[in-house]
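Letter by letter, the chains look like this.
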Amino acid sequence: YNMTLKSTELNKLHKFKQKVRLIDSDIYFLKKCKRNKVFPKFIKINIPIKNRTTNKVLHDAKMNWLNLEIKNLYSKQAFLEIEAMNQHLFITKDLLPVYCDIFEEKYQQILKSIEFKFINKTKKLENKFINLINYTKQTNHDNNEKNIFPDQCLVHNLSSETFSESEMDLLNKGLSFNFRNTRDIESLVIDIETNIQYLNSNIKTLIRSDVYSAITNINGNNTKKDFSHEDQKIKTALH
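The structure contained in this document is the topic of the report that follows. (Residues numbered from 1 in each chain as written. Predicted model: local features only at pLDDT ≥ 70, side-chain atom pairs only at ≥ 80, totals over all residues. Heavy atoms only, no water.)

### Some points on unusual backbone geometry
Logical step 1: In the Ramachandran plot, Lys37 falls in the positive-phi region, its phi being about 55° despite a non-glycine side chain.
Logical step 2: Secondary-structure assignment places Lys37 in the loop between α1 (7-36) and α2 (52-92).
Logical step 3: A residue is classified by how much of its surface remains accessible, and Lys37, at 57% relative accessible area, is exposed. (Helix = DSSP H or I, 4+ residues; strand = E, 2+ residues; numbered from the N terminus. Buried < 20%, exposed > 50% of the residue type's maximum accessible area, 1.4 Å probe, protein only.)

This is the structure in structure tokens:
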């Protein structure tokens, strides 16, 4: 049977084509973040332990998360492309000849509108990327400033009490210091599990694998020396 040109069907085609095109800008943005080793704000894992091991673990986990987001966008885009193609065929296969030119004109208008939105979104993401770069530089600068004078005296005794050198060294560590073991792998695992609990199972598995690999690679052959028996069991469970 012959079909006329329905606005509802054109709108549906417009929707599919627009989503496909705008995903291009998202993929470009995430790939640019990956190349420059900066992470969008949605890729966030907070843990209280800060040392060389946890920094490596977090970086690997975030990079893996970023890769998975890019792959997910490609998969989503491929699905939408099929939907758009099917919708295009649905509209045109039985279209009356009198409506063919009208369809082509409207289709070109759709593509033009989509391209305009794509350009605007790309500009917004570029500004977002610049802000991420600046934020990362500022964060790194602030972290470095904290270690410019590691031996400076932060505590001055204005009381009549006398403190030993060891006591003063302890006080100079500041109010944020505690006796938490920096190699507390169990706490590290708990913190990471808390942050990834809402991700899908595939992402969880890959992040856990990264955690295990980072701990193993950094500590090398000193694993038995540096970690307790309980920590060894946690690493085995992660693997």
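Having seen the structure, we can now continue with the description.
### As for the side chain of Gln77
Logical step 1: Looking at the secondary structure, you find Gln77 in helix α2.
Logical step 2: Only 2.7 Å separates the side chain of Gln77 from the side chain of Asp24, close enough to count as a polar contact.
Logical step 3: Residues within four places of Gln77 in sequence aside, it is in contact with Val20, Ile23, Asp24 and Ile27. (Polar contact = N/O pair within 3.5 Å; in protein donor to acceptor, adjacent residues only side chain to side chain. Contact = heavy atoms within 4.5 Å.)

### Here's the deal with the pattern of salt bridges
Logical step 1: The tally for this structure, following the rule as stated, stands at five salt bridges.
Logical step 2: Between Asp24 and Arg21 there is a salt bridge, and its shortest N-O distance comes to 3.0 Å. Here Arg21 and Asp24 lie together in helix α1, a separation of three residues that amounts to about one turn.
Logical step 3: Put simply, Lys121 and Asp26 hold a salt bridge, and the shortest N to O gap is 2.9 Å. Of this pair, Lys121 sits in helix α3 (residues 97-145) while Asp26 is found in helix α1, placing the two residues 95 residues apart along the sequence.
Logical step 4: Here the residues in one salt-bridge network are Arg21, Asp24 and Glu115, joined through shared partners. (Salt bridge = Lys/Arg side-chain N within 4 Å of Asp/Glu carboxyl O.)

### Observations concerning the nonpolar core
Logical step 1: With 36 residues, the main nonpolar core has Phe29, Cys33, Leu66, Ile192 and Ile207 as its most contacted residues.
Logical step 2: Put simply, the parts of the chain that give this core at least two residues each are α1, α2, α3, α5 (185-196) and α6 (201-219).
Logical step 3: The element contributing the most residues to this core is α2, with eleven residues.
Logical step 4: When residues are assigned to domains, this core turns out to be shared by domain 1 (7-146) and domain 2 (165-221 + 230-238), each giving three or more.
Logical step 5: Apart from residues no more than four positions distant in its own chain, Leu66 is found in contact with Leu30, Cys33, Lys34, Val38, Phe39, Pro40 and Ile43.
Logical step 6: Within the second largest apolar cluster, nine residues are counted, among which are Leu13, Ile91, Leu95 and Ile110. (Core = buried A, V, L, I, M, F, W, Y, C linked by side-chain atoms within 4.5 Å. Domains from an automatic or database assignment.)

No statement about biological role is implied by the geometric values presented.
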